[in-house]
Amino acid sequence: MRRCAAPITHIAVKNPAIDAAELHGKYIILDLLAEDAAGRHYTIEMQVRRYRAWSPVAR
């Protein structure tokens, strides 16, 4: 968490070409580049893991 920090002003996806087959897999990794109002740059890795319990099929 970035308390008392300059707000993020720009975000770019570093790997925008995610294969459609990956969307149905177990997890997805998305790399983001962010810049705040002070000009600082951040590299952010976002991971999403699918669990069977979250799937409508499992209900």
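Rules used in this analysis
- Residues numbered from 1 in each chain as written.
- Predicted model: local features only at pLDDT ≥ 70, side-chain atom pairs only at ≥ 80, totals over all residues.
- Heavy atoms only, no water.
- Helix = DSSP H or I, 4+ residues; strand = E, 2+ residues; numbered from the N terminus.
- Buried < 20%, exposed > 50% of the residue type's maximum accessible area, 1.4 Å probe, protein only.
- Contact = heavy atoms within 4.5 Å.
- Salt bridge = Lys/Arg side-chain N within 4 Å of Asp/Glu carboxyl O.

Asker: Help me understand the overall build of the protein, please; the structure alone is not making it clear to me.
Answerer: Across its full length, the protein carries zero helices and three strands. The linear arrangement of helices and strands in the protein, starting from the amino end, is β-β-β. Taken across its 59 residues, the protein has 8% of its residues classed as buried. Look at the contacts in the protein between residues 6 or more apart in sequence, and 30% of them connect residues 24 or more apart.

Asker: When you look at the side chain of Asp-36 in this model, what are you seeing that I'm missing?
Answerer: Its location among the elements puts Asp-36 in strand 2 (residues 27-36). Exposure remark for Asp-36: the relative accessible area of 1% places this residue in the buried category.

Asker: What am I meant to see in the environment of Ala-12 here?
Answerer: Mapped onto the fold, Ala-12 is located in strand 1 (residues 8-13). Not counting the four nearest positions on each side in its chain, Ala-12 is found in contact with Asp-31, Leu-32 and Leu-33.

Asker: Before we go on, may I ask you to explain the pattern of salt bridges in this structure?
Answerer: A side chain of one charge can pair with a side chain of the opposite charge when the charged atoms of the two come close. Taken as a whole and judged by the stated rule, the model has one salt bridge. Residues Arg-40 and Asp-36 are paired through a salt bridge, measuring 3.1 Å at the closest nitrogen-oxygen approach. The class of Arg-40 is partly exposed, set by a relative accessible area of 42%.

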